[in-house]
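Tertiary structure, described
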Amino acid sequence: MAAVLDINSDACVVFANKLEKISRSALPSAIRNTLNTTAFNVKTVTMPKEAKSTFTERKPNFFKANSKVTKASGFAVQNMKATVG
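On a predicted model such as this, the values are computed, not experimentally measured, just so you know. (Residues numbered from 1 in each chain as written. Predicted model: local features only at pLDDT ≥ 70, side-chain atom pairs only at ≥ 80, totals over all residues. Heavy atoms only, no water.)

1. Describing the overall build of the protein
- Secondary structure summary: the protein contains 3 helices and 2 strands in total.
- The N-to-C order of helical and strand elements in the protein reads α-α-α-β-β.
- Counting all 85 residues of the protein, 13% fall into the buried class.
- For the protein, the proportion of contacts with a sequence separation of at least 24, taken over those separated by at least 6, is 56%. (Helix = DSSP H or I, 4+ residues; strand = E, 2+ residues; numbered from the N terminus. Buried < 20%, exposed > 50% of the residue type's maximum accessible area, 1.4 Å probe, protein only. Contact = heavy atoms within 4.5 Å.)

Structure, rendered in structure tokens:
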């Protein structure tokens, strides 16, 4: 049996109207916030957990003290990046 894809055009029109009403900066701000939150999560949660299971822990605060987060900035989505290292 062939799969049938039924697109409700009324819902598409409603969604398109919602997208037109949001500000131009809403999507870039959401993406920037997500990137920054993820980078800080990696620094504070993921990296210490992985380091503890991979390396011999001589100084408990080594990775916290010697790593930093460079936050994403600007409104150009294609150029946004947040780095941890």
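Moving on from the coordinates now.
2. A few points about the confidence of the model for the protein
- Looking at the protein, pLDDT values average 87 and 91% of them are 70 or higher.
- Looking across the protein, the model is least confident in helix α1 (residues 9–21), with a mean pLDDT of 81, and most confident in strand β1 (residues 69–70), with 96. (pLDDT = per-residue confidence, 0-100.)

3. Side note on the layout of surface pockets
- Looking at the largest pocket, its volume works out to about 210 Å³.
- In this structure, the largest pocket is lined by 13 residues; those nearest its centre are A51, E57, K59, P60 and F63.
- Those elements that place two or more of their residues in the lining of the largest pocket are α2 (26–54) and α3 (62–65). (1 Å grid on protein atoms, 1.4 Å probe; cavity = no way out; pocket = protein on both sides within 12 Å on 5 of 7 lines; lining within 4 Å. Points joined across faces, edges and corners; volume = space filled by probe spheres on them.)

4. As for the packing of aromatic side chains
- Applying the stated criterion across every chain yields a total of 2 aromatic pairs.
- Plain terms: the ring middles of F55 and F63 are 5.8 Å apart, the flat faces sit at 25° to each other, and that makes the pair stacked.
- We classify F63 as partly exposed; its relative accessible area is 30%.
- Their ring planes at 85° and their centres at 5.3 Å tell us that F62 and F63 sit as a pair that is edge-to-face.
- On the basis of relative accessible area, F62 is assigned to the partly exposed category, the value being 43%.
- Taken together, the ring pairs connect F55, F62 and F63 into an aromatic cluster. (Phe/Tyr/Trp six-rings, centres within 6.5 Å; stacked < 30°, edge-to-face > 60°.)

5. Brief notes about the side chain of S67
- One can find S67 in the loop between α3 and β1.
- In terms of polar contacts, S67 uses its side chain to reach the side chain of K43, at 3.1 Å.
- Within the local environment of S67, its side chain forms a polar contact with the backbone oxygen of F63, the two atoms lying 2.5 Å apart.
- With near-sequence residues (within four places) excluded, S67 lies in contact with K43, M47 and G85. (Polar contact = N/O pair within 3.5 Å; in protein donor to acceptor, adjacent residues only side chain to side chain.)

6. So, the environment of T83
- Tracing the backbone through its elements, the reader meets T83 in strand β2 (residues 83–84).
- Between the alpha carbons of T83 and C12 there is a distance of 36 Å; along the sequence they are 71 residues apart.
- For T83, the residues in contact, after removing those within four places along its chain, are K68, V69 and T70.

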